[in-house]
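Given next are the chains, with one letter for each unit.
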Amino acid sequence: TPDSFGYVYPEPGISSNFWVVTEGGCGNADICDGAPVINEIDYDQPGTDAWEFVEIYNPTQSGVDLSELKLEFVNGTGDVVYRTVDLDLDLAVNKLDPGQHLVVGSDALVATLPSSTLSIAMGGTNRIENGAPDGLRIVTKAGGTFVDGVAYEGAMPGTGESTYAPTDDGTA
């Protein structure tokens with residue numbers, strides 16, 4: 001069923017598009033129809049934003065074909081996409097396994113991750129805008145179908161899921 005903005009979210013493990021897994025990626029052996037979610041985002045640190053990241057998680061029982069998806073960073077003033085990251089960029093495999101995370105982050109942050117962490121470096125500092133509001137969303141490369149999204153510091157229809165994420169006041 002559509003949400004209040006008319007978006008229909010994929011059911012975990014169910015899809016009208018089926019991808020299959022071969023050689024550690026999605027291709028033609030096993031069904032790969034999971035739907036990822038944006039699990040965590042850190043877009044604003046004290047001083048220079050050098051440790052920014054987005055964590056994408058596969059909560060489903062099926063793999064996710066990353067070659068079919070991109071992450072769009074959206075400026076809340078005018079709903080303008082200011083950065084796009086293909087979710088299979090420079091990865092050895094194009095599959096996110098069930099329960100696995102993918103971190104898209106600053107060069108400094110990605111450099112500190114264990115080598116087993118699936119990750120994409122997106123450059124130096126101040127890569128994720130922190131205005132009010134801003135947001136990001138996972139969409140399909142073909143057609144731009146909304147998969148998941150989050151808006152922060154204000155609502156953004158078409159980017160977030162009908163409400164926005166609260167900010168962390170740093171006390172917890």
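Since the structure is predicted, the reported quantities are computational estimates derived from the model, not experimental observations.

Before going further, it helps to examine the sheet that holds strand β13 (residues 146-152). Pairing in this open sheet of four strands is antiparallel, and the strands run β8-β7-β12-β13 from one edge to the other. Edge strands, defined here as strands with exactly one partner in the open sheet, are β8 (80-86) and β13. The mean inter-strand angle of the sheet, taken between neighbouring strand axes irrespective of direction, is 20 degrees. Relative to β8, strand β7 (residues 69-75) runs antiparallel, the two sharing six bridges. Its bridge partner lying in β8, Val74 is registered against Val81.

Moving on: the packing of aromatic side chains. What characterises a pair of aromatic rings is the spacing of the ring centres plus the angle enclosed by the ring planes. For the structure on display, the rule yields two aromatic pairs. Pairing Tyr43 with Tyr152 gives two aromatic rings, centres 3.8 Å apart and planes at 20 degrees, and the pair type is stacked. Note that Tyr43 is positioned in the loop between β4 (37-42) and β5 (53-57) and Tyr152 in strand β13, a separation of 109 residues in sequence. Accessibility assignment for this pair places Tyr43 and Tyr152 in one class, buried. Geometrically, the ring pair formed by Phe73 and Tyr82 is tilted, given 6.1 Å between the ring centres and 55 degrees between the ring planes.

Let's shift gears to the nonpolar core. By size, the foremost hydrophobic cluster in this structure holds 25 residues, and its most contacted members are Ile56, Leu71, Leu87, Leu102 and Val104. Going through the elements one at a time, β5, β7, β10 (101-105), β11 (118-121), β12 (134-140) and β13 are the ones with two or more residues in this core. Not counting chain neighbours up to four residues away, the residues in contact with Leu102 comprise Val54, Glu55, Ile56, Leu66, Leu87, Leu91, Leu96, Leu118, Ser119 and Ile120.

On to the sheet that holds β11. Pairing within the open sheet is mixed, and its four strands lie in the order β4-β5-β10-β11. At either margin of the open sheet sits one strand with a lone partner, and together these are β4 and β11. Neighbour to neighbour, the strand axes of the sheet diverge by 20 degrees on average, direction disregarded.

With that settled, the discussion passes to the pattern of salt bridges. The final tally for this structure, using the stated rule, is six salt bridges. Linking Lys70 and Glu72 is a salt bridge whose minimum nitrogen-to-oxygen distance equals 3.8 Å. Pair check on accessibility: Lys70 and Glu72 agree, each one buried. A single network of salt bridges, built from pairs that share partners, joins Lys70, Glu72, Asp79 and Arg137.

This part covers the confidence of the model for the protein chain. Scored by pLDDT, the protein chain has a mean of 80; 74% of the residues are at 70 or more. Taken element by element, the protein chain is modelled with least confidence in strand β1 (residues 20-22), mean pLDDT 37, and with most confidence in β10, mean pLDDT 97. Taken as a whole, residues 1-24 scores under 50 in pLDDT and shows 53 contacts with residues more than four places along the chain or in a different chain.

What follows concerns the pairing of β5. Among the five residues that make up β5, four are buried, leaving the element largely enclosed by the rest of the structure. In this structure, β4 lies alongside β5, joined through five bridges in antiparallel fashion. The residue of β5 that forms the bridge with Ile38 is Ile56. Sheet analysis places β5 next to β10, joined by five bridges and oriented antiparallel.

The next subject is the environment of Leu91. For Leu91, the location among the structural elements is in the loop between β8 and β9 (95-96). On the basis of relative accessibility, which here comes to 16%, the residue Leu91 falls in the buried class. Taking the C-alpha atoms as reference, Leu91 lies 7.5 Å from Ile120; in sequence the two are 29 residues apart. Once residues within four sequence positions are removed from consideration, Leu91 is found in contact with Leu66, Leu102, Leu118, Ser119 and Ile120.

Rules behind the numbers
- Residues numbered from 1 in each chain as written.
- Predicted model: local features only at pLDDT ≥ 70, side-chain atom pairs only at ≥ 80, totals over all residues.
- Heavy atoms only, no water.
- Pairing = 2+ DSSP bridges.
- Helix = DSSP H or I, 4+ residues; strand = E, 2+ residues; numbered from the N terminus.
- Axes fitted to C-alpha atoms, helices over the stretch in contact; angles between N-to-C directions.
- Phe/Tyr/Trp six-rings, centres within 6.5 Å; stacked < 30°, edge-to-face > 60°.
- Buried < 20%, exposed > 50% of the residue type's maximum accessible area, 1.4 Å probe, protein only.
- Core = buried A, V, L, I, M, F, W, Y, C linked by side-chain atoms within 4.5 Å.
- Contact = heavy atoms within 4.5 Å.
- Salt bridge = Lys/Arg side-chain N within 4 Å of Asp/Glu carboxyl O.
- pLDDT = per-residue confidence, 0-100.

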